[in-house]
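Given next are the chains, with one letter for each unit.
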Amino acid sequence: MLERYKYIFNIALEAVFLNKFRSILTALGIIFGVAAVITMMAIGNGAKQEILDQMKLVGVNNILISPKSEKTKGSSQQSGEQSSESSGQGDDKSKGKFSPGLSLRDAEAIRNMIPTVSKVSPEVIFETDIVKDGVKASAKFTGVTPDFFDVFGLELQEGQMFNEDQQIDGKAVCIIGPVIKSKFFPTENAVGKDIKCGPVWLRVIGVLKKREVSQSSIDNLGVSDYNNSIYAPIQTLLRRYRDRSVVTAASLHGGTYFSDGFNSMYISESSGDDKGANQVDKIVVQVKESSQIGPTVDVLKRMMLRRHAGVEDVDVKVPELLLKQEQRTKDIFNIVLGAIASISLLVGGIGIMNIMLASVMERIKEIGIRQAIGATKRDIVLQFLMEATLLSLSGGIIGIVLGLALSKIIMELTGILTIVSFLSVIISFGVSASVGIIFGYMPSQRAAAQDPVESLRHE
């Protein structure tokens, strides 16, 4: 029996190779269909991985409170005035209101008054020049509390976190990212060394572990580049650099006066500073449970409105929900692309069926001769079914190779992350084999149904 199947397989293989060009054309639909499915699934897997990485960056159950820019506030106030006028109400209530801006007091109030809150991390951010031993570079200098590192899951590679005295007294200490370490301390241990941030020298007490951050995450989510930043206790920045909530002669002239007790420096700033009087640049609030995010957001919005004298000057966002919405959108997009790619497999299967039907018509006399020398209907069915399966399987293998190559090319040329999963390869190969069997069955049945006498007379 095994020898019989082997003989039938050799006849099918010979028929495929006898018409190489036609076989290649027949398999093209399967080749491009499999390649398209693998490539689309690779793009979808890459998008999903990017979303998961971004969720890790923004933290779990986090709510972001940030000041509105002057442009945003202006447009919202203008729309509010228009709605008041159209409703016939005066704007006496909205006039003359002054908001103190986002401040440390807001962060303390959130921590003390909202029971669903786990951690609160206020941040003050400055762009500054870092100098050491003649080496100079620009970096973000951020004032934080220890909760910042817990909220975003940042770990130390060496050194220690800020202690309570350093936080309360605003000591001149800092924790640096790995990029800063490699630039300024390439061959030595950074812990215990001094580095100059703007006009102030700071003692390095810790170095963060490297954390991959994409440029899209920095631009779209407002995530900091943790690797290229310097972190100090928030009181250090407010006392030794600038506290925007404090009005000074320098700030009235559009500048900042820095002093560390020994050295001082006046730095002029552009008058278009969107941060205005906001003492802190953002507050990240971590909620204990995911189910508590919605109610906490509502409470935060009402609380900020009350504390800021009824002025809507802050945005309250949930980055994780935004990312989940983006993920849902991408999932729908990937499903549509996958469906379109799968149509190529269907078209390829129809192509195989058409060619096999034409092949049956061309080889009627051959079928009659085989039947005359003892071939059964089952043998004829197996022969043509094996031919169709060989075409689809070979097309599937070539399509897999092409899909892997296309995924790599797309990632190299466009920068889009593509991840080819083993499952997508198995599914594509399985579908291609199924297509050959399903669409090859009808032609094989038609071949087996030929009358041997009529087939031998066919010219």
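Sequence order as written defines the numbering, with residues in each chain counted from 1. Given that this is a predicted model, residues contribute local features only at a pLDDT of at least 70 and side-chain atom pairs are listed and counted only at 80 or more, while totals for whole chains, interfaces and linings are drawn from all residues. Processing note: side-chain calculations cover all non-hydrogen atoms of the structure and skip hydrogens and water entirely.

Remarks on the overall build of the protein chain
Here is step 1 of the chain: Here a strand is any run of E in DSSP of at least two residues, a helix any run of H or I of at least four, and the numbering for each starts at the N terminus. Scanning the protein chain from N- to C-terminus turns up 16 helices and twelve strands.
Here is step 2 of the chain: The proportion of buried residues among the 459 residues of the protein chain is 43%.
Here is step 3 of the chain: Contacts between residues were defined by any pair of non-hydrogen atoms, one from each residue, lying within 4.5 Å. Pairs at least 24 apart in sequence give 79% of the contacts found in the protein chain among residues at least 6 apart. Buried means the residue's accessible area, taken with a 1.4 Å probe over protein chains only, is under 20% of the maximum for its type, while exposed means over 50%, and partly exposed covers the values in between.

Some details on the nonpolar core
Soluble globular proteins: nonpolar side chains tend toward being buried together.
Here is step 1 of the chain: Core analysis: the biggest nonpolar cluster contains 46 residues, and Ile63, Ile65, Ile110, Ile176, Ile195 and Ile230 have the highest contact counts within it.
Here is step 2 of the chain: Ignoring anything within four residues of it in the chain, the contact list for Ile65 reads Leu102, Ile110, Lys282, Ile283, Val285, Leu300, Met304, Val314, Asp315 and Val316.
Here is step 3 of the chain: By convention a nonpolar core is built from buried Ala, Val, Leu, Ile, Met, Phe, Trp, Tyr and Cys residues, the set being connected through side-chain atoms within 4.5 Å. Membership of the second largest hydrophobic core comes to 21 residues, among which are Ile30, Met353, Ala388 and Ala447.

So, the side chain of Asp281
Here is step 1 of the chain: Relative to the helices and strands, Asp281 resides in the loop between strand E10 (264–268) and strand E11 (282–287).
Here is step 2 of the chain: You can call Asp281 buried: its relative accessible area is 11%.
Here is step 3 of the chain: From its side chain, Asp281 meets the backbone nitrogen of Ile125 in a polar contact 2.5 Å long. Two N or O atoms form a polar contact when they lie within 3.5 Å of each other; inside protein one atom must be a possible hydrogen donor and the other a possible acceptor, and for residues adjacent in sequence the pair counts only when both atoms belong to side chains.

Details of empty space enclosed by the protein
Here is step 1 of the chain: Grid spacing is 1 Å over the protein atoms alone, the probe is 1.4 Å, and a cavity is where that probe fits but cannot get out, while a pocket is an open set with protein on both sides within 12 Å along at least five of seven lines and lining residues have an atom within 4 Å of a point. Grid points are joined across faces, edges and corners, and a volume is the space filled by probe spheres set on the points. Counted under the stated rule, the structure contains two cavities of 30 Å³ or more.
Here is step 2 of the chain: Of the pockets and cavities examined, the largest cavity occupies roughly 110 Å³.
Here is step 3 of the chain: Along the walls of the largest cavity sit twelve residues, with Ala15, Arg22, Ser23, Glu387 and Leu391 positioned nearest its centre.
Here is step 4 of the chain: At the level of secondary structure, the elements contributing two or more residues to the lining of the largest cavity comprise helix H1 (2–18), helix H2 (20–58), helix H12 (319–362) and helix H14 (377–414).
Here is step 5 of the chain: Under the scheme applied here, ten amino acids are nonpolar (Ala, Val, Leu, Ile, Met, Phe, Trp, Tyr, Cys and Pro), four are charged (Asp, Glu, Lys and Arg), and all others, including Gly, are polar. The residue inventory of the lining of the largest cavity, partitioned by class, reads five nonpolar, four polar and three charged.

Here's the deal with a nonpolar patch on the surface
Here is step 1 of the chain: Each patch is built from residues that are more than 30% exposed by relative accessible area and take part in no salt bridge. Like charges join if they lie within 9 Å; nonpolar side chains (Val, Leu, Ile, Met, Phe, Trp, Tyr) join within 5 Å. Computed by Shrake-Rupley with a 1.4 Å probe, the accessible areas treat only the displayed protein chains as cover when residues are assessed. The salt bridge criterion pairs a side-chain nitrogen of Lys or Arg with a carboxyl oxygen of Asp or Glu, the two atoms within 4 Å. Together, Phe21, Ile24, Leu25, Leu28 and Phe32 make up an exposed nonpolar region whose accessible area comes to about 520 Å².
Here is step 2 of the chain: Relative to the helices and strands, Leu28 resides in helix H2.

A word on helix H4 (residues 104–113)
Here is step 1 of the chain: Considered for burial, the residues of H4 that qualify are Leu104, Asp106, Ala107, Ala109 and Ile110.
Here is step 2 of the chain: Looking at the buried positions of H4, the neighbouring elements they touch are strand E1 (62–67), strand E2 (117–132), helix H9 (234–240), E11 and helix H11 (293–307).

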